[in-house]
Amino acid sequence: MSDLADKLESILATATEMLMTEGNTRAAEILQTSTPRLEETGYDNWNGGTTIWTIFLLLAPTEYAKIKETHRKILEEEINNRLKPILSQFTDDWYGVTIAPRLDHNPEWRHSKNNVSRSTRQNIIDGLKIDNIKWNGKLDEVEFLQRIFDLEHLPSDDSRFKNAARDIWQHRINNPDDWPDDWIFDDSRFNLLNGPSDKFLKFLCEIVHPVVRPDRNETLKLVQDFNEQLRKEGWNLVEEEKIGGRPRFVPKQIQLDGGRSISRARSVADALEAGWMQKEIERLENWVDRDPALAIGTAKELVESCCKTILSKRGIEVPNNLDMSDLTKKLTKELKLGT
């Protein structure tokens, strides 16, 4: 069998050439694009004992699913018929062909359309590490994590303690150098990279909670960074209420079309080097789902400011009493958009 396994590529190549010559391009394509695997699948007592082998032709799951079962059986038979005269030169064993789906490892397979993908989570975590953000803020790590997880019922990795709460206290509070500062991102008990999206989003919201991070400017900067990653997944952190005059954020699903529009607005803001516009876009993002009327008003102000900035950069004076209609007409004329 080992000699035949060594010849398998040559055998399949010969069968492919025969199929191509006959004009059977679909069967030849299966042989060319599949990953072959030779496996012993049975034994028969006939003729003093005959081993039965199966040549599995493994296709990507998406390609396999495109082939109807009846057509698959025909292709298997056509390929098998071309292999028989080749294989008979080397062995009396019996061989069959089976087209099957290949086991492809996709680390994102647990994340459905509405979930936050592993790659986006990793980007956010990498950003926190790069900026050296203390994820637990003003709280100790046990206090912080108890806001999200039931630490009393999570297991301890230290046999001396009965639960995660005592384990974390020992290795991060009593002996803070036992574990690295970013240990949470690699701890399977919390599974922030691959676990439920709602827990990951809750984790982000707690990072920017007023109790955890009372500095409003720092919070808004983090929310902006998080949302730049989350919006491509159809999520945003939006302000729900204020605590002590500071915003508390919750996760909110958004329409991706709107997210693309805001992304285009950000590109315009970058081109105009307009910091004020970036702030207005942030306000618009936070209110577009919670208070559409306010979001519309903010969008109107954004357009007006954008028009004035463009005209100003072109050296055109803009009277303060121009309404939206007159302002856009003046800009259209200046940019010769109507010609």
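About the thresholds
- Residues numbered from 1 in each chain as written.
- Predicted model: local features only at pLDDT ≥ 70, side-chain atom pairs only at ≥ 80, totals over all residues.
- Heavy atoms only, no water.
- Helix = DSSP H or I, 4+ residues; strand = E, 2+ residues; numbered from the N terminus.
- Buried < 20%, exposed > 50% of the residue type's maximum accessible area, 1.4 Å probe, protein only.
- Polar contact = N/O pair within 3.5 Å; in protein donor to acceptor, adjacent residues only side chain to side chain.
- Contact = heavy atoms within 4.5 Å.
- Axes fitted to C-alpha atoms, helices over the stretch in contact; angles between N-to-C directions.
- Parallel < 35°, antiparallel > 145°, perpendicular 65-115°, else oblique.
- Left-handed = near helix turned anticlockwise from the far one by under 90°.
- Pairing = 2+ DSSP bridges.
- Core = buried A, V, L, I, M, F, W, Y, C linked by side-chain atoms within 4.5 Å.
- Phe/Tyr/Trp six-rings, centres within 6.5 Å; stacked < 30°, edge-to-face > 60°.
- pLDDT = per-residue confidence, 0-100.
- Salt bridge = Lys/Arg side-chain N within 4 Å of Asp/Glu carboxyl O.

Section: the environment of T91
Point 1. Inspection of the secondary structure puts T91 in the loop between α4 (69–87) and β3 (94–101).
Point 2. Residue classification places T91 among the buried residues on the basis of a relative accessible area of 17%.
Point 3. Taking the C-alpha atoms as reference points, T91 and L4, 87 residues apart in sequence, are found 8.3 Å from one another.
Point 4. In this structure the side chain of T91 is engaged in a polar contact, spanning 3.0 Å, whose partner is the backbone nitrogen of D93.

Some details on the side chain of T50
Point 1. Within the secondary structure, T50 is located in strand β2 (residues 50–59).
Point 2. On the basis of relative accessibility, which here comes to 3%, the residue T50 falls in the buried class.
Point 3. In this structure, T50 is in contact with Y43, D44, D92, D93 and W94, ignoring residues within four places of it in sequence.

Structural notes on the packing of helix α8 (residues 197–207) against helix α9 (residues 216–230)
How two helices sit against one another is set out by the angle between their axes and by the gap between those axes.
Point 1. With their axes 10 Å apart at the nearest point, α8 and α9 run at an angle of 160 degrees to one another. In terms of orientation, α8 lies roughly antiparallel with respect to α9. Considering only the axes of α8 and α9, their crossing is left-handed. Across the interface between the two elements, L201, L204 and I207 from α8 touch L222, F226 and L230 from α9.

Some thoughts on the pairing of strand β1 (residues 35–44)
Two faces belong to every sheet, and in a regular strand the side chains alternate between them.
Point 1. In this structure, β1 lies alongside β2, joined through 9 bridges in antiparallel fashion. Note that in β2 the partner of D44 across the bridge is T50.
Point 2. In sequence, β1 turns back onto β2 through a hairpin of 5 residues, with N47 there showing a positive phi of about 60 degrees.

With respect to the sheet that holds β1
Point 1. Strand order in the open sheet formed by 3 strands is β1-β2-β3, with mixed pairing between adjacent strands. The outermost strands of the open sheet, each flanked by one partner alone, are β1 and β3. Each strand axis lies, on average, 25 degrees off the axis of its neighbour in the sheet, ignoring direction.
Point 2. Across the face of the sheet, helix α2 (residues 25–33) comes into contact with β1, β2 and β3 while running at roughly 90 degrees to β2.
Point 3. Strand contacts of α4: β2 and β3, with the helix running at about 145 degrees to β3, the strand carrying the most contacts.

Observations regarding the nonpolar core
Point 1. Membership of the largest hydrophobic core comes to 39 residues, with the highest contact counts inside it found for L145, L151, F190, F203, I207 and F226.
Point 2. Broken down by secondary-structure element, the contributors of at least two residues to this core are α5 (118–130), α6 (141–146), α7 (164–174), α8, α9 and β4 (235–243).
Point 3. The dominant element in this core, judged by the number of residues it contributes, is α8, at 6 residues.
Point 4. Within the second largest apolar cluster, 25 residues are counted, among which are L4, L12, I55 and Y64.

What to know about the packing of aromatic side chains
The relative placement of two aromatic rings is captured by the distance of their centres and the angle of their planes.
Point 1. Counted under the stated rule, the structure contains 9 aromatic pairs.
Point 2. For the pair F149 and F190, a centre-to-centre distance of 4.9 Å together with 70 degrees between the ring planes defines the contact as edge-to-face. Separated by 41 residues along the polypeptide, F149 in the loop between α6 and α7 and F190 in the loop between α7 and α8 bring together distant segments of the chain.
Point 3. Residue F190 is classed as buried on the basis of its relative accessible area of 4%.
Point 4. Relative to F203, the ring of F185 lies with its centre 6.1 Å away and its plane at 85 degrees, an arrangement referred to as edge-to-face. With F185 in the loop between α7 and α8 and F203 in helix α8, this residue pair connects regions lying 18 residues apart in the sequence.

A look at the pairing of β2
Point 1. For β2, the tally of buried residues reaches 9 of 10 residues, placing the bulk of the element in the interior.
Point 2. With 8 bridges connecting them, β2 and β3 associate as parallel partners. Bridging across to β3, L59 finds its partner in P101.

Considering unusual backbone geometry
Note on backbone geometry: most residues besides glycine have negative phi, and most peptide bonds are trans.
Point 1. Although it is not a glycine, N132 adopts a positive phi angle of roughly 55 degrees.
Point 2. Structurally, N132 can be placed in the loop between α5 and α6.
Point 3. Overall, the relative accessible area of 67% leaves N132 in the exposed class.
Point 4. For N191, which is not glycine, the phi torsion reads 45 degrees and is therefore positive.
Point 5. Structurally, N191 is set in the loop between α7 and α8.

Observations concerning the confidence of the model for the chain
Point 1. Looking at the chain as a whole, its pLDDT mean stands at 85, while 83% of the residues score no less than 70.
Point 2. Within the chain, α6 carries the highest mean pLDDT (96), whereas helix α10 (residues 256–272) carries the lowest (50).

Let's talk about the pattern of salt bridges
Point 1. In the structure shown here, the tally under the stated rule is 19 salt bridges.
Point 2. The residue R160 makes a salt bridge to D158 at a minimum N-O spacing of 2.7 Å.
Point 3. Residue classification places R160 among the exposed residues on the basis of a relative accessible area of 56%.
Point 4. By relative accessible area, which is 12% here, D158 ends up buried.
Point 5. Across the salt bridge formed by K202 and E206, the nearest N and O atoms sit 2.9 Å from each other. In this pair, K202 and E206 are both assigned in helix α8, 4 residues apart and thus about one turn of the helix distant.
Point 6. The partly exposed category is assigned to K202, whose relative accessible area is 34%.
Point 7. When salt bridges with common partners are traced through the structure, they connect D157, D167, D187 and R189 into a single cluster.

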